[in-house]
Number of protein chains: 2
Amino acid sequence: MATVKDLFRDYLGKHGLKVTRQREIILEGFMGSPSHLSAEELYLRLRKDHPNIGYATVYRTMKLLADSGIASERHFGDRQTRYEPNTSDDHHYHLICNSCGRIIEFEDPKIEDLLQQTASDHHFTLSHQRLELYGLCPDCQAR
Amino acid sequence: MATVKDLFRDYLGKHGLKVTRQREIILEGFMGSPSHLSAEELYLRLRKDHPNIGYATVYRTMKLLADSGIASERHFGDRQTRYEPNTSDDHHYHLICNSCGRIIEFEDPKIEDLLQQTASDHHFTLSHQRLELYGLCPDCQAR
DNA sequence: GATAAATTGAACATCATTTTCATTTCAATT
DNA sequence: AATTGAAATGAAAATGATGTTCAATTTATC
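Note that the structure is predicted; figures quoted are calculated from it, not measured.

Parameters at a glance
- Here the residue numbers are simple positions, counted from 1 along each chain's written sequence.
- Lettering of chains starts at A and numbering of ligands starts at 1, both following the order in which they are written.
- Whole-chain, interface and lining totals are the exception, using all residues; otherwise, since this is a predicted model, local features are given only for residues with pLDDT of at least 70 and side-chain atom pairs are given and counted only at 80 or more.
- For the side-chain quantities, the full set of heavy atoms in the structure was used; hydrogens and water were omitted.
- Definition of nearness: a residue and a molecule or strand are near each other if at least one heavy atom of the residue lies within 4 Å of the molecule or strand.
- The definition of a polar contact used here is a pair of N or O atoms within 3.5 Å, where within protein one atom must be able to donate a hydrogen and the other to accept one, and adjacent residues in sequence count solely through side-chain atom pairs.
- Two strands form a pair only when DSSP identifies at least two bridges running between them.
- By definition, any uninterrupted DSSP run of H or I lasting at least four residues is a helix, any uninterrupted run of E lasting at least two residues is a strand, and each is numbered from the N terminus.
- Burial here depends on accessible area, computed with a 1.4 Å probe over protein chains only, as a share of the maximum for the residue type. Under 20% is buried, over 50% is exposed, and the range in between is partly exposed.

Trainee: Before we go on, may I ask you to explain the protein's contact with DNA strand D in this structure?
Mentor: Lining the immediate environment of DNA strand D, one finds 21 residues, of which A:Arg23, A:Asn52, A:Thr57, A:Arg60 and B:Thr81 sit closest. Protein-adjacent atoms of DNA strand D, using a 4 Å cutoff, are sugar or phosphate at a proportion of 74%. Within the backbone of A:Gly54, a nitrogen or oxygen atom sits 2.9 Å from a phosphate oxygen of DNA strand D. Separating a sugar or linking oxygen of DNA strand D from a backbone N or O atom of B:Val19 is a distance of 3.3 Å.

Trainee: Looking at this structure, I do not really get the sheet that holds strand 1 (residues 37–38) of chain B. What am I missing?
Mentor: All names here are of chain B. An order of 1-3-2 is seen for the three strands of this open sheet, with the pairing classed as antiparallel. Looking at the sheet topology across the chains shown, the edges are occupied by strand 1 and strand 2 (71–75). Bridge count for strand 1 against strand 3 (residues 81–85) is two bridges, and the pairing is antiparallel. By the bridge assignment for strand 3, Leu37 is matched with Tyr83.

Trainee: Would you take a moment to explain the pairing of strand 4 (residues 93–97) of chain A for this structure?
Mentor: For a regular strand, the rule is simple: side chains alternate between the two faces of the sheet. Residue and element names in this part refer to chain A. Burial analysis of strand 4 places five of its five residues in the buried class, the great majority of the element. In strand 4, alternate side chains face the same way, and those of Tyr93, Leu95 and Cys97 on one face and His94 and Ile96 on the other are all buried. Bridging between strand 4 and strand 5 (residues 103–106) involves four bridges; their strand directions are antiparallel. Note on strand 5: the bridge partner recorded for Tyr93 is Phe106. Between strand 4 and strand 5, which pair antiparallel in sequence order, lie five residues; one of them, Gly101, sits at a positive phi of approximately 80°. Direction of pairing for strand 4 relative to strand 6 (residues 125–136): parallel, over a ladder of four bridges.

Trainee: For this particular structure, what's the right way to read the protein's contact with DNA strand C?
Mentor: Lining the immediate surroundings of DNA strand C are 22 residues, of which B:Thr20, B:Arg23, B:Asn52, B:Thr57 and B:Arg60 lie closest. Considering DNA strand C, the proportion of its atoms within 4 Å of the protein that are sugar or phosphate atoms stands at 77%. In this structure, a base nitrogen belonging to DNA strand C sits 2.7 Å away from a side-chain N or O atom of B:Lys18. Note that a phosphate oxygen of DNA strand C is positioned 2.6 Å from one of the side-chain N or O atoms of B:Thr20. Mapped onto the surface near DNA strand C, the elements with two or more residues apiece are helix 4 (55–67) of chain A together with helix 2 (21–31) and helix 4 (55–67) of chain B.

As structure tokens, then:
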């Protein structure tokens, strides 16, 4: 089976780009971290084991991961761009706690259908979608 | 009936803030412009008739409009924060063309119900939500 | 109208991200 | 294994949206 690493190598090859030590390290670091990290957060994590990896390289590589379809860019409330690995069963949405920042993912085929229907009604062809619910999680309500 | 202007004055008064010429000009400019303008775009528009209004003042006032509930901040694909007037019949969503940037608003009570249901399932109390569909509008598909 | 507190505008600060550019690395070839 | 040209790297500087500072001005209240 094609691993994510293979996918990335493929993508690089087909675009005249090179497989480098840094890109492999960054991909591994990304796959082995919790989802929704920002480029900076990933940089800080990688730094421990790889103090020689540059800030800009992490930014550049995250863009490549997004371009290659391995990751998706996400924007939540704050300023930073966050990345999450793309799963094959694509569409999921987010439930975000305003207080503790907890992020819960969920899916809903019924919602998905309705969204697709709406797009069709307006004669749009959809590329991607964003759905986020913000509120207080049970724990934070308790306080 | 209370106009938006009255609402804003009220808000300012109750918070020990002052009604100034600039704030009134900015509010009027905002209400008289297409929705989804960024602070910078509004600044550029206002500048024509009011060359003496400062950049920072527009930013500050837009924040006030958001705080007072008159406007809502929105983040679409790009970096800029955009503002839209708050209507009383709150929840609507956005359909955005990747190519020409056109923004279409829509509502859907069925979707709204499903979202509310999802939040309940996770014992979340919702504060706000964000739903955006990105794709190509009919015109841009034609090209 | 005097007064104190809030606001303004211009310049500067900030924060995430991007770009520049000299140096290094990769990969295809001799 | 050495050559070579294109692409990548890292450090520093640039960028772009937004925030903040501070002296000068304006507003609301007395």
